[in-house]
Amino acid sequence: MSNHSAAGTFEKVPTLIFSSSGEAASVLAAEVAALIRTKNEAGKNAVLGLATGSSPVPFYRELIRLHREEGLSFAKVITFNLDEYYGLPSDHPESYACFMREQLFDHIDIPASNINIPSGTVSSDQVFSHCRDYESKIDSVGGIDLQILGIGRTGHIGFNEPGSSRDSLTRRITLDRVTRQDAASDFRGEENVPRFAITMGVGTILRARKLALMAWGENKAEVVARAIEGAVTEAVSASFLQEHGDARFFIDEGAASELTKIKLPWLVGPVSWTPRETRRAVVWQSFKAKRPVLKLTDEDYNEFGLSDLLSEQGPAYQLNIRIFNQLQHTISGWPGGKPDADDTYRPERARPYPKRALVFSPEPQDAIVGMGGTLDRLVEQGHEVRLVSMTSGSLRVADSEADKFASTLLELASNADDPSAWRRQTEYAREVLRILEEKGEFGEDPALLRHLKGLVLRGELRDAGHALGIPAEQVVILDLPFYEKGRYRRFQVTDEDVKGVTQLLRDFKPHQIYATGDAADPSSVSALCFRLIGAALKACEGEDWASACNLWLYRGKEKPMEPHEIDMAVPMSPVQLERKSRALSRYAALSSLESSASEANRQNARHYDALGMAEYEAIESFHRWKRA
Ligand code: F6R
């Protein structure tokens, strides 16, 4: 952990950066435990403000551990949750009341009467008094000692969307489009996400004596930087933390990646100029100066605060050529290596040819989103490509898909010459329709329904693979148990999952592996899958194939790589981009980030063009994954 809140940085609020969310969660949980004990020893209740969502999950797990293993009691703790979806009853599986029970309250000794969560079902004419009472209740117990917060991509804390004033109090609000998109997978589609919520206001939150905001993963990096370094503004409600005397950000390296001291460290202090950092500085400068790398001058280096780099590695002319060549050498239309070509400066080795390329997709759409064009090239260039979806993705599939299948089956049966021969199929279809009816729109899917939904996605993946020339027998769905037994944000991986991946690696013995999830929110499916691949590779350490295997990282729905991070840039022609879009169109349910994959690829190409490289239609980018 590093604490860089000291003067000389751009941070306007104390910020603790940790190497993992687990480490951050333990530090914060230990503080909370100390707070509870101190208050209780003084004969008082501890009053905690709590948040929901992915971010606090590791923190709640640690609190539960402290309760179970170290006797931390919550008997004298009073809690107030930040918010609740308006319209959802407290037994709805996606309500925050339900989330809190599952994630924390059912596992600790807190009395039910000490728990406070805004009601999602209070009638419209009662909303105002309900919110006023919530405020009064907070005051009546002496105010909140410590408020836990997450941050949305709109910069919201609680559900205080852009425009919320500094003095706002508990109230009903309309959720921002981005917030609803982010919740879409929980509700199987954006259209099902509630439009309103009841939330504590910014003013309510700022009244708490201490604030601790947690954020993980690169997708939060931009908004985290705005909240910590930007102006205090209603456009980013988390920026109001700057005005609270005792607020801190607990973030991981991914979420910290847009902070000036990480992104542009030369503006903050002395830098050790590693090759990657040098490339980052030159690329940044080229964008800033709006001139290609080869046209940067000594004066530019001085003007952009890079005189230190210039004196160490200049003059500009030589440094420019070096970086230009490095960037140039990342470009390769031969992701599997070009057979019989000199590979000294190519990202991937020429031999062996053809290669066995193992492409891991956490959910069935991820690899197509992140590297559909590269898959197409690998196949075209004669490599043996195995496309492996680590999970079935069944949780993404809408009920309407299962309904469609069951209804078609019933229709086929009723039109058959001998309907009795279809008896079992008819029973199955009726069972599916009965389950759909019984569980309601957002109820838990029983195994039979999840299985059917998994099959729907299996079909979509096979179709997408087919569009890219991958034969059906090379498309594998691992159906890892952690996914089949869990729900979004609530997954727990076990050894069984690692074994499944290890077995696959040993059977295929790949020369190349493509994976994603290194930059994702740690509780997301892609981050969990990434960790499983790491664990499986560790289990295979020392095996011949494993030592010779190259590992490439791509980005699925996460923030795209920046040019200095790219070790292999695979250009795509307009035709290839079109083929990738066609493959993506096979999926019924794509998030907005996923369906804008082609735009991200075009953006990569524009970046390379601006740096002075050849101008391509689009580029898919990869980072070399160096094993620890
Ligand atoms: C939840 C809440 C929200 C979330 C934020 C981040 O009670 O108030 O502000 O903290 O939307 O959500 P995650 O952690 O899921 O990224």
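The structure presented is a predicted model; accordingly, all values stated were derived computationally and were not measured. (Residues numbered from 1 in each chain as written. Predicted model: local features only at pLDDT ≥ 70, side-chain atom pairs only at ≥ 80, totals over all residues. Heavy atoms only, no water.)

*Asks:* It is not clear to me how the nonpolar core should be interpreted in this structure. Could you clarify?
*Replies:* Nonpolar side chains in soluble globular proteins tend to be buried together. By size, the foremost hydrophobic cluster in this structure holds 70 residues, and its most contacted members are Phe59, Leu63, Leu104, Ile148, Leu213 and Ile251. Considering each element in turn, this core owes the most residues, eight residues, to helix H1 (residues 21–41). Residues contacting Ile148, with those up to four places away along its chain left out, are Leu28, Gly49, Leu50, Ala51, Phe59, Leu82, Ala212 and Met214. Grouped together as the second largest cluster of nonpolar side chains are 32 residues, Val388, Val501, Leu532 and Leu537 included. (Core = buried A, V, L, I, M, F, W, Y, C linked by side-chain atoms within 4.5 Å. Buried < 20%, exposed > 50% of the residue type's maximum accessible area, 1.4 Å probe, protein only. Helix = DSSP H or I, 4+ residues; strand = E, 2+ residues; numbered from the N terminus. Contact = heavy atoms within 4.5 Å.)

*Asks:* Help me understand the domain arrangement of the chain in this model?
*Replies:* When the parts come together, some accessible area is lost, and that loss is often what is quoted as the size of the interface. Segmenting the chain into domains produces domain 1 (2–257), domain 2 (264–330) and domain 3 (356–396 + 450–624). A separation of 33 Å is found between the C-alpha centroids of domain 1 and domain 3. With 21 residues of domain 1 at the contact, the number on the domain 3 side is 20 residues. Overall, the association of domain 1 and domain 3 removes approximately 1,800 Å² of surface from exposure, summing both partners, and the carbon and sulfur fraction of that is 38%. Here domain 1 and domain 3 share five residue pairs in polar contact (both at pLDDT 80 or more) between them. For the side of domain 1 that touches domain 3, the leading source of residues is helix H3 (residues 96–103), giving three residues. In terms of residue class, the side of domain 1 that touches domain 3 is built from four nonpolar, nine polar and eight charged. (Domains from an automatic or database assignment. Buried area = accessible area lost by both parts, 1.4 Å probe. Polar contact = N/O pair within 3.5 Å; in protein donor to acceptor, adjacent residues only side chain to side chain. Nonpolar A, V, L, I, M, F, W, Y, C, P; charged D, E, K, R; others polar.)

*Asks:* Even after reading the chapter, I still don't get the sheet that holds strand S18 (residues 618–624), so can you show me in this structure?
*Replies:* Sheet strands pair via backbone hydrogen bonds, and the direction of the pair is either parallel or antiparallel. Here we have seven strands laid out as an open sheet, ordered S14-S13-S12-S15-S16-S18-S17, and mixed in their pairing. Both outer strands of the open sheet, strand S14 (475–477) and strand S17 (568–572), are each paired with one neighbouring strand and no more. This sheet shows a mean twist of 25° between the axes of neighbouring strands, independent of strand direction. Direction of pairing for S17 relative to S18: antiparallel, over a ladder of five bridges. By the bridge assignment for S18, Val570 is matched with Glu620. (Pairing = 2+ DSSP bridges. Axes fitted to C-alpha atoms, helices over the stretch in contact; angles between N-to-C directions.)

*Asks:* Would you mind going over the packing of helix H2 (residues 57–70) against H3 with me for this structure?
*Replies:* Each pair of packed helices gets described by two things: the angle between the helix axes and the distance between those axes. Between H2 and H3, the shortest axis-to-axis distance is 10 Å and the interhelical angle comes to 45°. Here H2 lies oblique to H3, going by the angle between them. In this structure, H2 contributes Val57, Tyr60 and Ile64 to the contact, and H3 contributes Phe99, Met100 and Gln103. Of the residues in the contact of H2 with H3, the class split is five nonpolar, one polar and no charged. (Parallel < 35°, antiparallel > 145°, perpendicular 65-115°, else oblique.)

*Asks:* Is there a simple way to think about the packing of helix H9 (residues 275–289) against helix H12 (residues 316–330) in this case?
*Replies:* Look at H9 against H12: their axes get within 10 Å of each other, and the N-to-C directions meet at 100°. Relative to H12, the element H9 lies roughly perpendicular. Contacts between H9 and H12 involve Thr278, Arg279, Val282 and Val283 from the first element and Leu319, Ile323, Gln326, Leu327 and Thr330 from the second.

*Asks:* Before we go on, may I ask you to explain the site of the ligand in this structure?
*Replies:* Neighbouring residues of the ligand: 14 residues in total, closest Ser55, Asp83, His156, Gly158 and Lys220. Between the ligand and Ser54, the relevant distance is 2.8 Å, taken from an oxygen atom to a main-chain nitrogen or oxygen of the residue. Within the contact set of the ligand, an oxygen atom lies 2.5 Å away from a side-chain nitrogen or oxygen of Asp83. Contact with the protein chains removes 91% of the 410 Å² of surface that the ligand exposes when unbound. Across the shell around the ligand, the residue classes break down as three nonpolar, eight polar and three charged. (Near = heavy atom within 4 Å. Areas by Shrake-Rupley, 256 points an atom, 1.4 Å probe, with all protein chains shown as cover.)

*Asks:* It is not clear to me how the pairing of strand S12 (residues 356–361) should be interpreted in this structure. Could you clarify?
*Replies:* The element S12 is largely enclosed, with a buried count of five among its six residues. Here six bridges tie S12 to strand S13 (residues 384–389), and the two strands are oriented parallel to one another. Within the sheet, the bridge partner assigned to Leu358 lies in S13 and is Arg386. In this view, the connection linking S12 to its parallel neighbour S13 by way of helix H13 (residues 366–380) has right-handed handedness. Alignment of S12 against strand S15 (residues 512–515), held across three bridges, turns out to be parallel. Directly across from Leu358, in S15, lies its bridge partner Ile513. (Right-handed = clockwise from strand over helix to strand, strands pointing away.)

*Asks:* Just to check I follow, could you spell out the confidence of the model for the chain for this structure?
*Replies:* The predicted coordinates should not be examined in detail at positions where pLDDT is low. This prediction gives the chain a mean pLDDT of 94; 98% of its residues lie at or above 70. Every residue in residues 1–7 scores below 50 in pLDDT, and together they form 16 contacts with partners more than four places removed in sequence or on other chains. (pLDDT = per-residue confidence, 0-100.)

*Asks:* What should I look at first to understand the sheet that holds strand S9 (residues 196–199) in this one?
*Replies:* Reading across from one edge, S5-S9-S8 is the order of the three strands in this open sheet, with antiparallel pairing throughout. Edge strands, defined here as strands with exactly one partner in the open sheet, are strand S5 (83–85) and strand S8 (171–174). Each strand axis lies, on average, 25° off the axis of its neighbour in the sheet, ignoring direction. The pairing of S8 with S9 spans four bridges and is antiparallel. Paired with Ile173 across the two strands is Ala197, which belongs to S9.

*Asks:* Looking at this structure, how should I read the environment of Glu84?
*Replies:* Mapped onto the elements, Glu84 comes out in strand S5. Under the relative-accessibility criterion, Glu84 is labelled buried at 2%. Between the alpha carbons of Glu84 and Ile198 there is a distance of 5.5 Å; along the sequence they are 114 residues apart. Excluding anything up to four places from it in sequence, Glu84 contacts Ser95, Tyr96, Ala97, Ile117, Pro118, Ser119, Gly120, Ala197 and Ile198. Polar side-chain contacts of Glu84 include one of 2.8 Å to the backbone nitrogen of Tyr96.

*Asks:* Explain the environment of Arg61 here, please?
*Replies:* Relative to the helices and strands, Arg61 is located in helix H2. A C-alpha to C-alpha distance of 24 Å links Arg61 and Ala221, two positions 160 residues apart in sequence. Of the polar contacts made by the side chain of Arg61, one reaches the backbone oxygen of Phe491; its length is 3.4 Å.

*Asks:* Explain unusual backbone geometry here, please?
*Replies:* With glycine set apart, most residues show a phi of negative sign, and most peptide bonds adopt trans. Residue Pro352 follows Arg351 across a cis peptide bond; omega there is -5°. Along the chain, Pro352 turns up in the loop between H12 and S12. Look at the link from Tyr353 to Pro354: it is a cis peptide, with omega at -10°. If you trace the backbone, Pro354 turns up in the loop between H12 and S12. One non-glycine residue with positive phi stands out, namely Asp340, at about 60°. Inspection of the secondary structure puts Asp340 in the loop between H12 and S12.

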